[in-house]
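Coordinate analysis (summary)
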Amino acid sequence: MAICAFLVAGFAIAIMLILRGTENSLRLANDRLGADIIVVPEGTTTKVETALLMGNPTEVWMPESNLAKIAAIPGVAAATPQLYLSTLNNASCCSVASMFLVAYDPETDFAIEPWLESTIGRGLSLGEAVGGTYVFVPEGEQNIKIYGYFVTLKANIEPTGTGLDQSMFLTFETAKDIARLSPELALQPLIIPEDSISSVLVRLAPGVDPMSISAEIIRQVPGVTPITSPNMFQAYRQQMNGLLASILLVLGITLVLSGLMIGLVFSMAANERRRELGVLRAMGATRNFVLRSLLLEASILALEGGLAGITFTVLVIFLFRNLIMRSFGFPFLLPDPGLLLIEISVGLLLALVCVTLAAMIPAYRISHMEPALAMRE
Amino acid sequence: MIQLDKVSKTYWMSKENAIHAVLETTLEINRGEFLIITGRSGSGKTTLLNLIAGLTRPSSGRVLLEGQNMWSLTDLQQSQLRNRKIGFIFQFPSLLPSLTALENVLLPTIFSIDHVKEAGNPRARELMEKVGLIDKLNAYPRQLSAGQQQRVVVARALLNQPELLLADEPTSDLDEQTETEIMEMFRQVHLDSGITIVLVTHSTQLVSYGTRSIHMAGGLIEN
């Protein structure tokens, strides 16, 4: 019975943690980007979202002139370009594995510069970068080598549970300097096409409807796709909803099967103690006392099993969150302790309700049995 | 004290197959009596005892305890009545294995009113002394012999100072010497407290301990 509670609570907490963790992660990634609209080359939405969410490097390009057209649209308060680049995988000229690089323009940027100001008190200079949580300088080295170019890691951004945690941010100037020197320093050169950018981040004036600006961008700037903030990572959200439906179905089946199993096991266990319960009834125990005792026992077992299941699941998810993230192709960030506590309580409650309901029928049957009959072999 | 008025008990094994354990039995047991009911296995004596105790509902007829029909009471009233007025000794080992001898004796106080609960501990010790097991208060049932376990059961049955003691084959699993000791204990309890005792046994040799005996066969009282 405790094993059933273990499974129910463990499964429930796993679902809540993964779904909530993914949602949390998407929200944080959205916040981190800090844009109301991201404009990307047409047909590259999924590639860019995957790069931002999973850190899978991608290179997409559109004309730099799009920036001025977008910035000129009434209602756009700020527009800033970004370049999406990548390091070389397993190359001696790069001291990090394949990594997503985001280059920004300090002159117009409103997403990274404010954070830098509050963290290191200034913007990035030539040859400097900031990294996601998991970006670090290799042991024994002073800098990170990219295309044979030494980049100084100035700070790390707090975790988002997305690909941004494994990405590096640098200025246009640094990116272009790497590209300039890479033919001499690296196995392959870093190529940044002339007059090209990868995306434009847009901040809207207060009160402006993002959907109408998106429509305006589509009308005025051909060959691009604007992604409004609420629709950001929409493909992932849809995939998640599909997954959620399947998971809820499996959870439902698990609950029903666990309920049947618990009912059967509890019935057998209580049946073995029929005589003992009959003796208690003969000594003055009421039917209600026997019923309450049996249900209390079931509840204690449910709590024990549920707690064990939750501890095990939380531990597994905590230890293997990166593996889970990569296996499922979803971003993931552990919720804060307060939310985790609520989710643990919900998991425990579910195990408790499931076990108590399943134990109710056999407990009622045995407690209402005639004592003489209960004591018979 | 107890009246059985044309009481029958039938167990239906299937729609067609019924076992008539007790048939149209009328019996009166007076206060202070030590009644011994004898009979072979399957004669209906245990069912009769269960009917007297209100542990099983009669298929027909009435069981009156001090003029009150047990089955007209609510479950709570029935339980309180059993707790306060009736002590039980069963044929099978009925001590809870996870409790010590003293805790087992104190078990009926769980269902008692507060002042009985408070008096429970000293009375339990006194009874354990009476049954000769004062040195076994903290022993678990598995650490006691069958005879010692049955003595603890007797102490438990007497804890709430019941007016009626019902014993179902209390010596069936005991050797001859222990059987004699236990029966002597019943006799002593009866003499000391004047409690009404109804004891069921298959052994006709034990009838000498009682003040009256009846014999059952085929669900009927023969004499």
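Residues numbered from 1 in each chain as written. Chains lettered and ligands numbered in written order. Predicted model: local features only at pLDDT ≥ 70, side-chain atom pairs only at ≥ 80, totals over all residues.

1. Here's the deal with the overall build of chain A
Secondary structure summary: chain A contains twelve helices and eleven strands in total. Put simply, chain A has 377 residues, and 44% of those count as buried. Expressed as a percentage of contacts within chain A between residues at least 6 apart in sequence, the contacts between residues at least 24 apart total 81%. (Helix = DSSP H or I, 4+ residues; strand = E, 2+ residues; numbered from the N terminus. Buried ≥ 20, exposed ≤ 12 C-beta atoms within 10 Å, placed from the backbone. Contact = placed C-beta atoms within 7 Å.)

2. Focus: the overall build of chain B
If you tally the helices and strands in chain B, you get six helices and ten strands. In chain B, which comprises 223 residues, the proportion classed as buried is 43%.

3. A look at the sheet that holds strand S3 (residues 34–39) of chain B
Within the open sheet, the six strands sit side by side as S6-S7-S8-S3-S9-S10 (chain B). Their pairing is mixed. With one partner strand each, in any of the chains shown, strand S6 (86–89) and strand S10 (220–221) of chain B form the two edges of the open sheet. (Pairing = 2+ DSSP bridges.)

4. A short note on the interface of chain B and chain A
Between chain B and chain A, the contact holds 19 residues from the first and 13 residues from the second. At the level of elements, helix H1 (45–53) and helix H2 (75–85) of chain B are the ones that each hand at least two residues to the side of chain B that touches chain A.

5. With respect to H2(B)
Working note: α-helix, 3.6 residues per turn, so residues spaced by three or four point in the same direction. The complete set of buried residues in H2(B) reads B:Gln78, B:Ser79, B:Arg82 and B:Asn83. Along the long axis of H2(B), the arc covered by the buried residues comes to 130 degrees, so they all point the same way. The elements touched by buried residues of H2(B) are helix H8 (274–282) of chain A together with H1 and S6 of chain B. (Arc of directions from axis to C-beta.)

6. Looking at the confidence of the model for chain B
Residues and elements named next belong to chain B. Scored by pLDDT, chain B comes out at a mean of 88, with 98% of its residues at no less than 70. When pLDDT is averaged over each element of chain B, strand S8 (residues 196–201) comes out on top at 93 and helix H4 (residues 114–130) at the bottom at 79. Predicted complex metrics record ipTM = 0.89 and pTM = 0.68. (pLDDT = per-residue confidence, 0-100.)

7. Digging into the sheet that holds strand S5 (residues 68–69) of chain B
All names here are of chain B. Strands sit in the order S2-S1-S4-S5 across an open sheet of four strands; the sheet is antiparallel. Unpaired on one side and paired on the other, strand S2 (18–29) and S5 mark the two borders of the sheet. Relative to strand S4 (residues 60–65), strand S1 (residues 2–12) is paired through five bridges, and the arrangement is antiparallel. The partner of Asp5 across the bridge, within S4, is Arg62.

8. A closer look at the nonpolar core
The biggest cluster of nonpolar side chains holds 107 residues, and the ones touching the most others in it are A:Ala5, A:Val8, A:Ala9, A:Ala351, A:Val355, B:Val105 and B:Leu166. When residues in this core are grouped by element, the largest group, 14 residues, is from helix H1 (residues 2–33) of chain A. In this structure, A:Val76, A:Ile146, A:Ala186 and A:Val224 belong to the second largest nonpolar core, which totals 57 residues. (Core = buried A, V, L, I, M, F, W, Y, C linked by C-beta atoms within 7 Å.)

9. Some details on the packing of helix H5 (residues 146–158) of chain B against helix H6 (residues 176–193) of chain B
Residues and elements named next belong to chain B. For the pair H5 and H6, the least separation of the axes is 10 Å and the interaxial angle reads 15 degrees. In terms of axis orientation, H5 runs roughly parallel to H6. H6 is crossed by H5, and the crossing has right-handed handedness. Of the residues in H6, those in contact with Gly147, Gln150, Val154 and Leu158 of H5 are Thr178, Glu181, Ile182, Met185 and Val189. When grouped by side-chain class, the residues that make up the contact of H5 with H6 number five nonpolar, three polar and one charged. (Axes fitted to C-alpha atoms, helices over the stretch in contact; angles between N-to-C directions. Parallel < 35°, antiparallel > 145°, perpendicular 65-115°, else oblique. Left-handed = near helix turned anticlockwise from the far one by under 90°. Nonpolar A, V, L, I, M, F, W, Y, C, P; charged D, E, K, R; others polar.)

10. Thoughts on the pairing of S2(B)
All names here are of chain B. Bridge count for S1 against S2 is eight bridges, and the pairing is antiparallel. For Lys9, the partnering residue across the bridge sits in S2 and is Val22. Linkage of S1 to S2, two consecutive antiparallel strands, is achieved through a turn of five residues.

11. Topic: the environment of A:Ala269
Residues and elements named next belong to chain A. Looking at where Ala269 falls in the secondary structure, it is placed in helix H7 (residues 234–272). With 16 C-beta atoms counted inside 10 Å, the residue Ala269 sits in the partly exposed group. Taking the C-alpha atoms as reference, Ala269 lies 9.8 Å from Pro362; in sequence the two are 93 residues apart.

12. Points about the environment of A:Gly347
Residues and elements named next belong to chain A. Here Gly347 lies in helix H11 (residues 337–367). Classification of Gly347 by C-beta neighbours within 10 Å gives buried; the count is 26. As a C-alpha pair, Gly347 and Ile310 span 37 residues in sequence and 7.4 Å in three-dimensional space. Excluding residues that lie within four positions of it along the chain, Gly347 makes contacts with Ala9, Ala12, Ile13, Met16, Gly306 and Ile310.

13. Focus on the packing of helix H9 (residues 287–319) of chain A against H11(A)
Residue and element names in this part refer to chain A. With their axes 8 Å apart at the nearest point, H9 and H11 run at an angle of 150 degrees to one another. With respect to H11, the element H9 is oriented roughly antiparallel. Judged by the twist between their axes, the crossing of H9 over H11 is right-handed. A class-by-class count of the residues in the contact of H9 with H11 yields 19 nonpolar, six polar and one charged.

14. Some details on the confidence of the model for chain A
Looking at chain A, the pLDDT average stands at 84 and 94% of residues meet or exceed 70. Per-element mean pLDDT across chain A ranges from 73 in helix H10 (residues 321–328) of chain A up to 93 in strand S2 (residues 62–63) of chain A.

15. Remarks on unusual backbone geometry
Backbone geometry places A:Tyr147, a non-glycine residue, at a positive phi of 50 degrees. Within the secondary structure layout, A:Tyr147 lies in the loop between strand S6 (144–146) and strand S7 (149–156). The class for A:Tyr147 is buried, based on 24 C-beta atoms found within 10 Å. For B:Glu66, which is not a glycine, the phi torsion comes out positive at approximately 50 degrees. If you trace the backbone, B:Glu66 turns up in the loop between S4 and S5.

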